[in-house]
Amino acid sequence: MYRSYKMIFLYLLLPFVLTGCWSSKEIEDLAMYTGMALDIGQPAPIEEEFEAKGAEYSKHNKVMTTIQIVPMKTVGTKDKNNTGSTKKPYLNVSGSGDSILEIFRQFSIRLDRPIIGHHLKVIVISSKLLRKQTIEQMSDFVLRDNDIRPSTKVYISQGDAKETLESSEPNEIPSFHITGMYRNQMRTSKVLDFVTLSKLDALMKTKRSFVLQNLVSGGGQIEFSGAGIIKGSSGHWIGNLNQEDAECLAWITNKGKAGAIKAYDWDNQPLTYEIKSIKSKISPHVDEGKISFKVHLAVEGRLIETWNKNNIPSTNYYAEKTSKIIEEKFAKMVQALMNKLQSKYKVDVAGFGNRLAIVYPSVWKQVEDDWDDTFSRSEVNFTYDISVTDFGSITETE
Amino acid sequence: MSFLSSIAHHIPDWIVFCQALIALLVPILATRIYKTLHSFVGTGKNLDTNKVSQTLESTRAATPFSGDYQTDLQAILSKIGSNSDLHTREFPLTKLNARGTLFCVDGMQNERILNMKMMEFLMFKATGDVLAEPSKAEDLLPFSSLSTISDIDNFNRSVLFGHAGLLIEGMPHGLLIEFPNGANRSIDEPVSEALIRGPRLGFSEVLSENTSMLRRQGFSDQLEMKSYLVGTRLQKDLVIAYMKDIVNPDLLQEVQTRVNNLNSDFLADSGYIEQLIEDNYLSPFQQVQNTERPDRVINALLEGRIAILLDGTPFALIVPVTFSMLLQTPEDYYERWIPGSLLRMLRFGAAFVALMGPALYISLIAFHPGLIPTELAISIIETRQGVPFPALIEVLILEVSIEILREAGIRLPKPIGPAMGIVGGLIIGDAAVQAGIVSPFLVIVVAVTAISSFSIPTYSAGVTLRLLRFVSMMFAAFLGMFGTILFFLLLCSHLTKLKSFGVPYLTPASPFRATDWKDLFFRAPLSLMKRRPAMLKTKDSKRKS
Amino acid sequence: MFNRTDDKITTSQAGVFLTNTVLGAGILTMPRSITQDMKTPDSWLTILLGGIIVMLAILLMVKLSQQFPGQTVFQYAGRIAGKFPSKVLCLLLVVYFILIAGFEIRSLAEVTLFFLLEGTPIWAVILPFIWVGTYLVLGGINSIARVFQIIFPITILVLLASYGFSLRLFDINNLRPVLGSGVLPVLHGLKSSVLVYTGCEVVMTLVAFMQHPHQAVKAMMGGIAIPFALYFLTIVFVIGGLTADAVITSTWPTIDLIRSFEYTGFFVERLEFPLMVIWLMQMFCNFCSFFFQASLGVSQLFKFSITSVIYVMVPLIFLAAMVPKSIQDVFALGDAIGTMGLTLFLLLPVLLSFIWIIRKKGLKQHV
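Note that residues are indexed from 1 along each chain, following the sequence as it is written. Numbering of ligands from 1 and lettering of chains from A proceed in the order in which they are written. Given that this is a predicted model, residues contribute local features only at a pLDDT of at least 70 and side-chain atom pairs are listed and counted only at 80 or more, while totals for whole chains, interfaces and linings are drawn from all residues.

> How should the interface of chain A and chain B be read in this particular structure?
Chain A puts 23 residues into the contact, and the matching count from chain B is 21 residues. Labels follow the DSSP assignment, with helices taken as runs of H or I lasting at least four residues and strands as runs of E lasting at least two, numbered in each case from the N terminus. For the side of chain A that touches chain B, the elements supplying multiple residues, two or more each, are helix H1 (2-18) and strand S1 (31-40) of chain A. Any residue that is not Ala, Val, Leu, Ile, Met, Phe, Trp, Tyr, Cys, Pro, Asp, Glu, Lys or Arg is counted as polar, Gly included; the first ten are nonpolar and the last four charged. Here the side of chain A that touches chain B is built from residues that sort into eight nonpolar, eight polar and seven charged. By the criterion used throughout, residues are in contact when their C-beta atoms, derived from the backbone, lie within 7 Å.

In structure tokens:
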């Protein structure tokens, strides 16, 4: 008798076991999106068509979200010989609305597979959108979501963000292309350190201004072009730094390690200097409430290209001469950048505030709230120490 | 008031209480089932000693030799004379003027030697004074292995077992003059434990050969072998071997008790003994190690372990065993220590893969797509499109077919085996992918898992891991990564509770014995291994003087 | 004796036991809970200070327990403070252990459901976990200590490796300025930094199980030093990697840190995978420890057999885990447990030693 009770109990347990696997979703039945673009709100072309037929819901079209789904579903068994197809390996889906999650759920009534964000690699936000909405609003969902990883990279685009997720190359996934582009940082400092979501979170929390790398698209190709400035106090985009400014910013903040500097030499011929190492030191000074900064840039590099017909002998004299020219160029670039930061945009995106906070915490406490203004009034002095260590693999004598 | 309402707010639903009830009932029920099962089979430790000895006694109702030649001969023939393979040869002892009878069983004795030497001696040379005094007979007969038996039944058994028996008129007992010399195979390489470097000697089916192999490992007067007769109906010799000055006496006592308590009418193989003396019947893990290699046995003896050898099987048993031993092989010590250590770590890794590989696959594919690297995720999606089954079914299809293949490979005659491997492994695998039944990625996973499980030196441990692999797959299919971890924790909990002859199964990992770690994942240079494993609490702990 | 039948643990096992008891949900939440109270990046100073305080407390508990060799607090409390008051105190301790066990298991379920098993009902996560725990706890302190010994090195290895990989995010400037806002915030955070060590009360039962009780101080100090160091590393790496401002608003800051980078081309590109694995195993240890302590307490107080007490504990712990309705409730429960821990510390070891000293020294009684 007792045993039969046990058996009944076991059978009762069975349904629990059989209804298991609640969270089981096969990976191929899910749609991974690897890229996401946020644009100014306007109904996407397909949506317009839908809406024309009355398929709509209540919304104000504040933002348009585009996601890039990879890989495309292939029909039937793989034909290995069928290489002729130039079908794109990705699918971009756009929708607009007032809430990113709501837009995502709208996608769910259009797609055959649920979308998952675990593999989101890159978020591109159009600068026009950021003029209307704040970066906090645009990143709130992606920071809260449990699928999207904080390692996702964030970029700004000058034109439409969704265009950066298009590519003219067959068999290329644009979001991976963008993700991989930072690898060129070892070649040029025009490629800034990428900003991940977690870093963005930290930057937004401190309410300080910062820059995000700017993306420009054209002809199915994309390019990193300078950086967009986000004003900390408002969270809006206020303007762009051009490529040389961005490069210069990287050097000042000690994040750039490479780059080429082209100047014109004594004969007005191009002369290119390749940076091997660059070190910057920002030292804040507080003198009776007046805040000033000294920046020292120590650069080592080599002369790598010259178009001058007269040869440039590999001597210390010419090294000196070259470095003078480079220094002038440097000063010019830095001046241009500082002009933009202090006069045009009145923001500190170069980490002067951080240095002040570390060295003079008590002074920082007083100026923290309107630091961008205080910074634009502060004096910043630059000193340079530029050396030409070698002339490449050509050695010329006088 | 608000405090009370907040308490009331936090009192859970009745559903939660039901779940709590289930939470209570399941472990109680599980324990009950476990206990019931356990009491069904009992344990090797507590068998009833008295019962065994009684049954043994009852079969040995002794009938002594009467001393009268004719009566004794009749008695013997009436009992075993109906066997067609029994040869009896009656002959006169000319010098003695008496009669004698030689008994032997077909195929157990070398006929030529019997005829030439013995008959010649007995018929023509044996004189009266040789056999006049029974006590002197043993000294004067020219046979090296000679014993007298005073009990007819015993005599009968021995003759049928293959001894040459001799009955001589005027002697009040039977003589056994030659050991059985039945058909044996030659000594071969150990089949189940192939090796590259080291002695290529494997045990054979003859106990005396096996013990001699152990003896021949080296000079020592401390290697002690104690013989037992086991089995109630068909009796067999069993030998317990140990190093007298090393082995822990309590351990020896424990092994002897368990061997004494063996109660079975026939022990066909040492596997019977293994199952009858182990600590926990319900554990999937073996608590006794079996081996065909004398070098492994002697190494174990020198560590303070005890070997059990049974007549009729080339597999010796080693007790106590720890989990790490199953993944070690004597070759680790024959190779230099760096490759030895690396290979050993590789094996531990392989064991992990063999156990967890498919479970990880299932949990990653079906539950946590976010934990796979992106590029890999994309290629998996691409290959899995068109696979109609969920991950668990897909894995089961392939895993089960691999297991069938393996099982078939053992049964097949040797020349067909490799062909079968090619057909099964390559063709079926490729065809399954082509047909879209499984994904190519899974074929890799399953193949790696299968190969890993074959890299485990002890065959039976490999089987255990393969069996547990299916359990882990179930856990993974149920709760994904979480389930896999639960399975691992459950396994850990089980292993820590398990003991082999009083030695915790996971020693030295836990309980932690730092000195024994030299020989766990890592095989320290021999010059550093100065002591025997601490876990065995040996009498003499130093390996070097 | 070849066969060990006594329920004693070695010195190293005792140390690991304490480590695994203390190291729990705190690894994931502690950077936030402390930084929230402080609002400066100086949390690492607080954790150091809190650690020293806890070490002193443990020293007191060990010394007290050593006066009664072979006896747990549930047994000797009666000899010091009398039968009834001690029973009430010890029962409080048992309730405290049950609550922690429930809390730990609930945090585990929350993390699992959020990151790993979205959509699975919570009981399906909690129940199997408790059952596996029951299986282990039924094996007694020896089995538990052995499992701890297996899991402990894996935890340490993976945890340190994950932190090591996070070095690419680490920026020392995020930890600066040191004491930029003075010493006051450090003292503010002190309470929550002591709270991350909740569970160290097990010292009072652990000493009784030690094979060599005279080594208890060494074992317990070693046992608390490891979580101490790990917590310190956690807070340094998390704040150094994420900045204090971001940590304050992050629910599970340590997971966020590890999710903030990827090692492309590495087989485990995403290191939260190993981190979650070891954290789940660590939580199992943590849970089993409290489960065992609670059962031991009841069985010793009321002379029940420990096996039946363990079975009864299962639904109790399950209910304790299910009581919070939301994650805010869970964290509130965590805070309540912390406060309760502090109170219990004042009530049990401090009060008991006080009474003991008075009775022994003042009244010359033989206790």
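> Where do I start with the packing of helix H4 (residues 69-80) of chain B against helix H8 (residues 152-161) of chain B in this structure?
Two quantities define a packed helix pair, namely the angle between the helix axes and the distance between the axes. Residues and elements named next belong to chain B. Put simply, H4 and H8 touch, their axes get as near as 10 Å, and they point 55 degrees apart. By the angle between their directions, the pair H4 and H8 is classed as oblique. Pair H4 / H8 crosses with right-handed handedness. Contact residues: Asp72, Ala75, Ile76, Lys79 and Ile80 in H4; Ile152, Asn156, Val159 and Leu160 in H8. Here an axis means a line fitted to C-alpha atoms, over the contact stretch when the element is a helix, while the angle between two N-to-C directions is reported on a 0 to 180 degree scale. Relative orientations are named as follows: roughly parallel for angles under 35 degrees, roughly antiparallel for angles over 145 degrees, roughly perpendicular for angles from 65 to 115 degrees, and oblique for any other angle. Left-handed describes a crossing in which the near helix is turned anticlockwise from the far one by less than a right angle; the clockwise case is right-handed.

> I tried to follow the sheet that holds strand S14 (residues 379-390) of chain A on my own but got confused; where do I start?
Hydrogen bonds along the backbone pair up the strands of a sheet, which may run parallel or antiparallel. All names here are of chain A. Between any two strands, pairing holds if DSSP finds at least two bridges. Spatially, the four strands line up as an open sheet ordered S11-S12-S13-S14, and their pairing is mixed. On the outer flanks of this sheet lie strand S11 (260-264) and S14, each paired with one strand and no other. Going across the sheet, the axis of each strand differs from the next one's by a mean of 35 degrees, ignoring polarity.

> Before we go on, may I ask you to explain the nonpolar core in this structure?
Membership of the largest hydrophobic core comes to 323 residues, with the highest contact counts inside it found for Ala307(B), Ile308(B), Ile362(B), Ala101(C), Val203(C) and Ile317(C). Each nonpolar core reported here comprises buried Ala, Val, Leu, Ile, Met, Phe, Trp, Tyr and Cys residues connected via C-beta atoms within 7 Å. Three exposure classes are used. Buried residues have 20 or more other C-beta atoms within 10 Å of their own C-beta, exposed residues have 12 or fewer, and partly exposed residues fall in between, all C-beta atoms being placed from the backbone. Ranked by size, the runner-up nonpolar core spans 20 residues in total, among them Ile76(B), Leu96(B), Met108(B) and Leu175(B).

> Could you clarify how one ought to interpret the interface of chain B and chain C in this entry?
A common way to state how big an interface is: give the accessible area lost once the parts meet. Taken together, the contact pairs 38 residues of chain B with 41 residues of chain C. Sorting the residues of the side of chain B that touches chain C by element identifies helix H2 (14-41), helix H10 (249-260) and helix H20 (459-497) of chain B as the ones contributing at least two each. Here the side of chain B that touches chain C gets twelve residues from one element, more than from any other, and that element is H20(B). Each residue belonging to the side of chain B that touches chain C can be placed in one class, and the counts come to 26 nonpolar, nine polar and three charged.

> How do you make sense of helix H9 (residues 207-215) of chain B when you look at a structure like this?
The α-helix advances 3.6 residues per turn, and as a result positions three or four apart in sequence lie on the same side. All names here are of chain B. Taken together, the buried positions of H9 are occupied by Leu207, Asn210, Thr211, Met213 and Leu214. Take H9 and look down its axis: the buried residues cluster within an arc of 155 degrees, on one side only. In H9, the exposed positions that point more than 90 degrees away from the buried face belong to Ser208 and Ser212. Where the residues of H9 are buried, they touch strand S6 (223-230), strand S7 (236-243), helix H12 (294-303), strand S9 (306-310) and strand S10 (316-319). Directions are taken from the helix axis to each C-beta atom, and the arc is the one they span.

> Teacher, can you tell me more about the domain arrangement of chain B here?
Residue and element names in this part refer to chain B. The source of the domain bounds is an automatic or database domain assignment. Each assigned domain of chain B is listed with its residue range as follows: domain 1 (69-178), domain 2 (207-321) and domain 3 (336-504). The straight-line distance from the C-alpha centre of domain 2 to that of domain 3 is 33 Å. In this assembly, 15 residues from domain 2 lie in contact with 13 residues from domain 3. Looking at the side of domain 2 that touches domain 3, the elements that each hand over two or more residues are H10 and strand S8 (289-291).

> Could you clarify how one ought to interpret helix H9 (residues 316-345) of chain A in this entry?
Residues and elements named next belong to chain A. End to end, H9 covers 41 Å across 30 residues, agreeing with the expected 44 Å (1.5 Å per residue, within 8%). Here the bend at a residue is taken as the angle between two axes, fitted respectively to the seven residues that end there and the seven that start there. Of all the bends in H9, the largest measures some 25 degrees and sits at Asn339. Along H9, the residues that are buried comprise Thr322, Ser323, Ile326, Phe330, Val334, Leu337, Lys340 and Leu341. Considering only its buried residues, H9 is in contact with strand S10 (237-241), helix H8 (243-252), S11, strand S12 (270-287), strand S13 (290-306) and S14. Once H9 finishes, Lys346 follows within two positions and takes phi at roughly 55 degrees, a positive value. Helices are assigned an expected span. That span is 1.5 Å times one less than the residue count.

> How do you make sense of the sheet that holds S7(B) when you look at a structure like this?
All names here are of chain B. Reading across the sheet, the five strands line up as S6-S7-S9-S10-S8 and stay open at both edges, with antiparallel pairing between neighbours. Where the open sheet ends on each side, the last strands, each with one partner, are S6 and S8. The sheet shows a mean angle of 25 degrees between the axes of neighbouring strands, direction not considered. Both S8 and S10 contribute to a ladder of three bridges, which runs antiparallel. Bridging from a neighbouring strand, Gln289 pairs with Ile318 of S10. H10 contacts S6, S7, S9 and S10 of the sheet and is inclined by roughly 175 degrees relative to S7.

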